[in-house]
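Below are the chains, spelled out letter by letter.
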Amino acid sequence: MGKKAVKSTRKFAASGQLKKTIQARRKFRDIKKKAEKRKGGKGKDKEVPQDDEGSEDDDEDVEETSGKFKGMSVDDFLGGGFMQGASDDEESESGQEAMSEDEEDEEGSEYADDNESFADVDELEDEGEAHLMELSKLAEKDPEFYKYLQENDRELLEFSLNDGKVADDEEEEDETMEEEKTPVLTKEILQGWQKALLDHRSLKALRKMLIAFRSAAHMNEEDQVLAWRVDKASVYNKLVTTALRYTPVVLEHHCPYRSLSNGKFKAPTQTKKWKTLQKLILSYFHNVLHLMGQISNNEMLRLAFTETAKLVPYVMTSRKTVKAYLKTCLSYWSSAEDSVRISAFLSVRRLAGATDESVLDLVLKNTYLTLVRSCKSTSAHTLPAINLMKNSASELYCADHAASYQHAFGYIRQLAIHLRNSMKTKTKEAYKQVYNWQYVHCVDFWALVIARACDKQTLIERGGQESELKALIYPLVQVALGAARLIRNARSFPFHLHIVRSILHLTRHTHTYVPLAPYLLPVLTSTLSASSKPKPSTLRPLDFETHIRAPQQYLKTRVYNEGLAEESAFLLAEYLASPPVQGSIGFPEIVVPIVLLLRKAIKAAKSAQGKLSKAKEAGIAKALVDRIEESGRWVEQKRKGVLLAPGKMGEVERWEESLKVEDSPLARYVKVQRKAREKRRKLVEKAREGEDEILED
C-alpha cells in the first residue's frame, strides 16, 4: 500500500461504510473476549468480579457487560444472551446510527450500484471532514482498535482532505491509461466482422459490431465508458453503414417475424433466441436514435430510416422505444428535406402496420398533431412541404378506415366546437380561432382523407364495401361551409376560396352533390358591382394560395379585383364541370339561375358610368357564361333519346354513369385554364428562385 489514499479508499470513506466496519470489528472483539472469559470460568462456580470504578476503556466495558451475566448457567449463556451485550452508551458512542441487518444490506446494495454518487465533489469533501472527526475520536473511544488500525491499516488513519486532490489526479491518470488501453477499431477488424456476418450470420460478431457501434454513437460525449475508439472518419462511416445494413439481415435469419395477409406483422416473441437478443436489439435501436440526432447527412439519414424500419417488428414489445422512434420519425417528417421526409414517413407507416391497435392509435394521433403544429404559418416556401405532409398523412389514415373514423370524428368535432364558439361570441379573438391557417389546413386534410377513402378505386379494392369514413362527409361539409359564412367581406374572400377548393375536391372524388355556387357567385359578382370603383395600383398580383386574408393595401385595387374574378370564375367552372354537377341529367336546369345572375352582373358592369372600367372582369365572366350555356345544350342533346321517367332512379343513375363528362365544353374549358394556370405558377416559382439567387449573391 502507498502512503496516499487511493481511489478505492476514498470511495470507501465516502460511502459511509467505515463506521459500520468499525462497529462490526468492535462487536467481534467484545464477543471474542467474552468467549475467552467464558472458557476460563467453565466448570467453576465463581463469578466474574465487576469493577466498581467504571472506566470508559473498552476492557472495562467488557467487564461491565460480563457482569450482567452473573448467576447465569452455561446453557443460558450459550442461548444467546451475550448477543445483547451492547450497552446504551456504546450505541450513543456510535452516533446512534446503527441499522438493522436488512437496512444494512439495502444500503450496501445501493452504494454498490450507484457509482454516480461518488462524482459529487462537495458531498465528498463533507464526508471526508466527518471521517476525520471520527478518526480523531477513535483513539479515545476504542484505543485497542486504534492500535489494530495502526498495525494493519495505517493508510486509513493517514487520510486527509488533500488526499482527495491526489486521488483526483490519480483518477485522471487512470482515465488516461484507460484511453490508452481502449482498442482502436480498424478496417481489418471491421472486415472480419462483416465476413462472419455474411458467411455464418454470427451472433457473436453481431454483438461485437453493435458494441463498437455504441462507441461510435457516443464517442464525443463525456462520462461514457467506450469499448472501442474510432480514429478515422472512413472507419466511422463504414461502421455505421455496416451496422445499419447487416443487423436486419442477421436478425431476420435468427428471429424471423411473421407477416400477415393484410400487410401487418407480428413480433417474433415465440422464437427461442428472442429472449437472448431482445436487450441487444433495444440497446442498438436506442443508439441509432441517438446517432440520428447528430447526423446532418441526408443520405445517411435516409439509410438510417430505411434500415430501422426493418427492425420495427423487433422493438414492438417496448412501448418506450416505439414512442421514441415515432417522435424521431415525425420530427424529421415535419422539418427535413423532402427525400428524408418520405423515408421518415415510410418508417411511420411501418409502425402503423403493427397488429397492436394501441400502436396504430398512437401513430394516427401523433401524426395529425404534428401536421397541425407544422402548418401554423404558411408561405410560398412552406406550402409544398405542408401539401406533402397532408397527402402522406391522408394515406396513413386510409390504411385502417375503422380506426381512423374515431380520430376523424373527434377532430372534426373540435373544428365544429371552434366554429360554434366563434358564432356565439362574435369577437375578434373568437373569429381568429376559425380564420387561421391551421383551421384551413385541417378542413383540407379531412377532405383529402375522406375523398381518398370514398373514391371509386378504393371502393373496388374493398370489394364494394363502403368506407366507415363516408358518414363524415356531411358533418365536414357543414363545418366548412359554416366557416365560410362566418365573415363575408372582401378581405375574407381568400379564406372562402380555400374552403371551397377543399370541398370541391371532396365532391369530385366522392360523387356527392354539394351546392357551392352560392359561395362563389357573391365573390364573382362583387368584382362586377357597379358601385365599387377599383383604383389603380402598382402592387404585384396577390397569391391566393398563400393568403387567407387580403392585406389592407389590396382592398379596392384593380389588381385584387381582377385576381378575385379570375380565381372565383375558375373555381365555379371547376365546380360545374365536376361529375356530380356536369354528369347530372338535370344540368341544364341547374345552371339557369347561375347564368341569369352572371348576365345581370355583366350588364351592370358594362353600363357603369358608360365606361368599361371593369372590362377584364366582365370578359372573364362572359367567357364562363358562354361555356356554361354550351355545356347545357350539350347535355340536352345527349338526353334527347332518353325514354325513361324521372322517377326511375336506377335507370337515371345508369345513364349518368355512361355520360363522359370530360368531353363536355365546360370540361375542355377547365382543362385549358388549368394548363395556363400551371404554366403561370411555374413562371412565378422560377422568378422567386431567381430573386433568391440575387439575394444570395
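Residues numbered from 1 in each chain as written. Predicted model: local features only at pLDDT ≥ 70, side-chain atom pairs only at ≥ 80, totals over all residues. Heavy atoms only, no water.

Colleague: Honestly, the overall build of the protein in this entry has me stumped. Any pointers?
Modeller: Of the regular secondary structure elements, the protein holds 34 helices and two strands. Residue burial in the protein is summarised as follows: out of 697 residues, 41% are buried. Put simply, of all contacts in the protein between residues at least 6 apart along the chain, 74% involve residues at least 24 apart. When the accessible surface of the protein is totalled, it reaches about 39,400 Å², and 50% of it is carbon and sulfur. (Helix = DSSP H or I, 4+ residues; strand = E, 2+ residues; numbered from the N terminus. Buried < 20%, exposed > 50% of the residue type's maximum accessible area, 1.4 Å probe, protein only. Contact = heavy atoms within 4.5 Å. Areas by Shrake-Rupley, 256 points an atom, 1.4 Å probe, with all protein chains shown as cover.)

Colleague: I would appreciate a short explanation of the nonpolar core in the present structure.
Modeller: If you look at soluble globular proteins, the nonpolar side chains tend to sit buried side by side. Ranked by internal contacts, the top residues of the largest apolar core, which has 164 residues, are Trp446, Tyr560, Leu572, Leu576, Leu624 and Leu666. Leu572 has contacts with Ala517, Leu520, Leu521, Leu524, Ile594, Leu598 and Leu624, leaving out every residue within four places of it along the chain. (Core = buried A, V, L, I, M, F, W, Y, C linked by side-chain atoms within 4.5 Å.)

Colleague: Even after reading the chapter, I still don't get the packing of helix α13 (residues 233-254) against helix α14 (residues 274-292), so can you show me in this structure?
Modeller: Packed helices, taken two at a time, are described by the angle between their axes plus the distance between the axes. Contact pair α13 / α14: the axes reach a minimum separation of 12 Å and the direction vectors enclose 145°. α14 is crossed by α13, and the crossing has left-handed handedness. In this structure, α13 contributes Tyr236, Val240, Ala243, Leu244, Thr247, Leu251 and His254 to the contact, and α14 contributes Leu277, Ile281, Tyr284, Val288 and Leu291. Residues that form the contact of α13 with α14 fall into these classes: ten nonpolar, two polar and no charged. (Axes fitted to C-alpha atoms, helices over the stretch in contact; angles between N-to-C directions. Left-handed = near helix turned anticlockwise from the far one by under 90°. Nonpolar A, V, L, I, M, F, W, Y, C, P; charged D, E, K, R; others polar.)

Colleague: Any chance you could explain the pattern of salt bridges here in plain terms?
Modeller: Opposite charge on two side chains permits them to pair, given that their charged atoms come into close proximity. Tallied over the full model, the rule gives 22 salt bridges. Between Glu429 and Lys432 there is a salt bridge, with its nearest N and O atoms 3.9 Å apart. Highlighted residues: Glu429 and Lys432, both in helix α22 (residues 428-432), separated by three residues, approximately one helical turn. Judged by its relative accessible area of 44%, Lys432 is partly exposed. For Glu567, the salt bridge goes to Arg677, with nearest N and O atoms at 3.1 Å. With Glu567 in helix α28 (residues 558-577) and Arg677 in helix α34 (residues 665-696), the pair connects residues that are 110 residues apart, well separated along the chain. Across this residue pair, the class does not change: Glu567 and Arg677 are buried. The network of salt bridges with shared partners includes Arg501, Glu567 and Arg677. (Salt bridge = Lys/Arg side-chain N within 4 Å of Asp/Glu carboxyl O.)

Colleague: How do you make sense of helix α18 (residues 338-352) when you look at a structure like this?
Modeller: Structurally, the α-helix is built with 3.6 residues per turn, so residues lying three or four positions apart point the same way. With 15 residues, α18 ought to run about 21 Å at 1.5 Å a step, and its terminal C-alpha atoms sit 21 Å apart, in line with that. Within the sequence span of α18, burial applies to Val340, Arg341, Ser343, Ala344, Phe345, Ser347, Val348, Leu351 and Ala352. Considering only its buried residues, α18 is in contact with α15 (298-310), α16 (312-315), α17 (319-335), α19 (357-374) and α20 (383-397). (Expected span 1.5 Å × (residues − 1).)

Colleague: Would you explain helix α25 (residues 473-486) in this entry?
Modeller: The first and last C-alpha atoms of α25 sit 20 Å apart over 14 residues, in line with the 20 Å expected at 1.5 Å per residue. Within α25, ten of the 14 residues are buried, leaving the element largely enclosed by the surrounding structure. Of all the positions in α25, only Ile473, Leu476, Val477, Val479, Ala480, Leu481, Gly482, Ala483, Ala484 and Leu486 are classed as buried.

Colleague: I would appreciate a short explanation of the environment of Pro534 in the present structure.
Modeller: One can find Pro534 in the loop between α27 (517-527) and α28. In this structure Pro534 comes out as buried when scored by relative accessible area, which is 14%. In this structure, the C-alpha to C-alpha distance between Pro534 and Asn561, residues 27 residues apart in sequence, is 7.1 Å. Those residues in contact with Pro534 that sit more than four places away from it in its chain are Lys556, Thr557, Arg558, Asn561 and Lys614.

Colleague: What exactly am I supposed to notice about the packing of aromatic side chains here?
Modeller: Considering all chains together, one arrives at 16 aromatic pairs under this definition. Centroid distance Trp193 to Trp228: 5.5 Å. Interplanar angle 85°. Geometry classified as edge-to-face. With Trp193 in helix α11 (residues 187-200) and Trp228 in the loop between α12 (203-217) and α13, the pair connects residues that are 35 residues apart, well separated along the chain. Take Trp193: its relative accessible area is 8%, and that puts it in the buried class. Each member of the aromatic cluster is reached from another via a ring pair, and the members are Tyr368, Tyr397, Tyr411, Phe445 and Trp446. Looking at Arg677, its charged tip hangs above the ring of Phe570, at a distance of 4.2 Å from the centre. (Phe/Tyr/Trp six-rings, centres within 6.5 Å; stacked < 30°, edge-to-face > 60°. Lys NZ or Arg CZ within 6 Å of the ring centre and 35° of its normal.)

Colleague: What should I look at first to understand the confidence of the model for the protein in this one?
Modeller: The predicted coordinates ought not to be read in detail in places where the model reports low pLDDT. Residues with a pLDDT of 70 or more make up 76% of the protein, whose mean pLDDT is 79. Taken element by element, the protein is modelled with least confidence in helix α6 (residues 101-113), mean pLDDT 39, and with most confidence in helix α23 (residues 437-453), mean pLDDT 96. Note that residues 43-127 has pLDDT below 50 and, in this model, 64 contacts with residues that lie over four places away or in other chains. Confidence drops under a pLDDT of 50 for residues 161-179, and excluding neighbours within four residues, the segment shows 18 contacts in the predicted structure. (pLDDT = per-residue confidence, 0-100.)

Colleague: Please explain the side chain of Thr242 as it appears in this structure.
Modeller: Structurally, the position occupied by Thr242 is in helix α13. A polar contact of 2.8 Å, which involves the side chain of Thr242, links it to the side chain of Gln194. Those residues in contact with Thr242, other than ones at most four positions away along the chain, are Leu190, Gln194, Met209 and Thr247. (Polar contact = N/O pair within 3.5 Å; in protein donor to acceptor, adjacent residues only side chain to side chain.)

Colleague: For this particular structure, what's the right way to read the layout of surface pockets?
Modeller: Unoccupied space between atoms shows up once a probe the size of one water molecule is rolled over them. Considered as a void within the structure, the largest pocket measures approximately 2,100 Å³ in volume. Considering the residues around the largest pocket, the lining is formed by 50 residues, among which Asp543, Phe544, Glu545, Arg677 and Arg681 are closest to the centre. The set of elements that each furnish at least two residues to the lining of the largest pocket consists of α20, α23, α26 (493-510), α28 and α34. If you tally residues by element for the lining of the largest pocket, the top one is α34, at twelve residues. A per-class count over the lining of the largest pocket returns 16 nonpolar, twelve polar and 22 charged. (1 Å grid on protein atoms, 1.4 Å probe; cavity = no way out; pocket = protein on both sides within 12 Å on 5 of 7 lines; lining within 4 Å. Points joined across faces, edges and corners; volume = space filled by probe spheres on them.)

Colleague: Even after reading the chapter, I still don't get unusual backbone geometry, so can you show me in this structure?
Modeller: What is expected of a backbone is that most residues other than glycine have negative phi and most peptide bonds are trans. One non-glycine residue, Arg201, lies in positive phi territory at about 50°. Checked against the element boundaries, Arg201 lands in the loop between α11 and α12. Using a relative accessible area of 24% as the deciding quantity, one classes Arg201 as partly exposed. Positive phi values are uncommon outside glycine, yet Lys426 reaches one of about 55°. The residue Lys426 is located in the loop between α21 (401-425) and α22 in this model.

Colleague: What exactly am I supposed to notice about the packing of α19 against α23 here?
Modeller: Two elements in contact, α19 and α23, have axes whose closest approach is 9 Å; the angle formed by their N-to-C orientations is 140°. Overall, the two elements α19 and α23 adopt an arrangement that is oblique. Judged by the sense of rotation from one axis to the other, the crossing of α19 with α23 is right-handed. Between α19 and α23, the contacting residues are Tyr368, Leu371, Val372 and Arg373 on the first element and Gln438, Cys442, Phe445 and Trp446 on the second. (Parallel < 35°, antiparallel > 145°, perpendicular 65-115°, else oblique.)

Colleague: In this structure, what is going on with the state of the cysteines? I would like to understand it.
Modeller: A disulfide bridge is the covalent bond that connects two cysteines by way of their sulfur atoms. One pass over the full model with this rule turns up zero disulfides. Here Cys442 is not cross-linked by a disulfide; its sulfur's nearest cysteine counterpart is in Cys375, at 5.7 Å. (Disulfide = S-S within 2.5 Å.)

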